[in-house]
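Commentary on secondary and tertiary structure
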Amino acid sequence: MKKSKMALRHSLCSVTILACLAAVPAQAAEVLREQTIWTIGGLTMAERYELFARRPVTADDIAILKRADEILSSEAAWNHADARKCRRPASSWSLFCALKEASIEVTGKWDNRRVVMEELRFVIIEVTGLDNKRPNVHPLMIYNNLPMTRFEDIKKVLRIASERLAARIAR
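Residues numbered from 1 in each chain as written. Predicted model: local features only at pLDDT ≥ 70, side-chain atom pairs only at ≥ 80, totals over all residues. Heavy atoms only, no water.

Observations concerning unusual backbone geometry
- Note the cis peptide between Arg88 and Pro89, where omega equals -10°.
- As for its position among the elements, Pro89 is in the loop between helix H4 (59–71) and helix H5 (95–107).
- At Arg84, a position not held by glycine, the phi torsion is positive, near 60°.
- Position of Arg84 relative to the elements: it lies in the loop between H4 and H5.
- Here Arg84 falls in the partly exposed class, since its relative accessible area comes to 27%. (Helix = DSSP H or I, 4+ residues; strand = E, 2+ residues; numbered from the N terminus. Buried < 20%, exposed > 50% of the residue type's maximum accessible area, 1.4 Å probe, protein only.)

Structure (structure tokens):
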């Protein structure tokens, strides 16, 4: 019974997504499709971005980034070895866990697909050129754990995402 409910849910989501994509100007959609980086859940990152760009940014999204930046206040507070297992309380935080903690503190709940989380994924893909075609990959964890990622890089993606979301909320 569970499989049929999930299959129905996926079909309904696919119909909704296709309807949203149909509203994107053809020229813009073509450019995004050419820049496809990876597929997750049946959608390319370009398709996810098309949908994401329509979702409104809230003050909570901005507050989550600000709080995550505060949690990652120093290099000593940063955990460079993320396994996406966030423990509370923690003495150090990965990028993912800082965002999860900030989200819970700001909104009272965790939502992995909030606008703030999606924006960070897009920023990381742009900054790194990460080209991973495997499904169910976690760009926040991958970026956090890359040997060449420094604490300054973590702060940079937080800053870029914050600037982008602030620009979108101002519109």
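Still more to cover.
What to know about the environment of Pro147
- Here Pro147 lies in the loop between helix H7 (139–145) and helix H8 (151–170).
- Expressed as a C-alpha distance, the spacing of Pro147 and His80, which sit 67 residues apart in the sequence, is 8.5 Å.

Concerning the packing of H4 against H5
- Relative to each other, H4 and H5 sit at 130°, their axes nearing to 8 Å. The orientation of H4 with respect to H5, classified from their angle, is oblique. Judged by the twist between their axes, the crossing of H4 over H5 is right-handed. Residues Asp60, Ala63, Ile64, Leu65, Arg67, Ala68 and Ile71 of H4 form the contact with H5, whose own contacting residues are Ala98, Leu99, Glu101, Ala102, Ser103, Glu105, Val106 and Thr107.
- Class assignment of the residues belonging to the contact of H4 with H5 gives a composition of 9 nonpolar, 2 polar and 4 charged. (Axes fitted to C-alpha atoms, helices over the stretch in contact; angles between N-to-C directions. Parallel < 35°, antiparallel > 145°, perpendicular 65-115°, else oblique. Left-handed = near helix turned anticlockwise from the far one by under 90°. Contact = heavy atoms within 4.5 Å. Nonpolar A, V, L, I, M, F, W, Y, C, P; charged D, E, K, R; others polar.)

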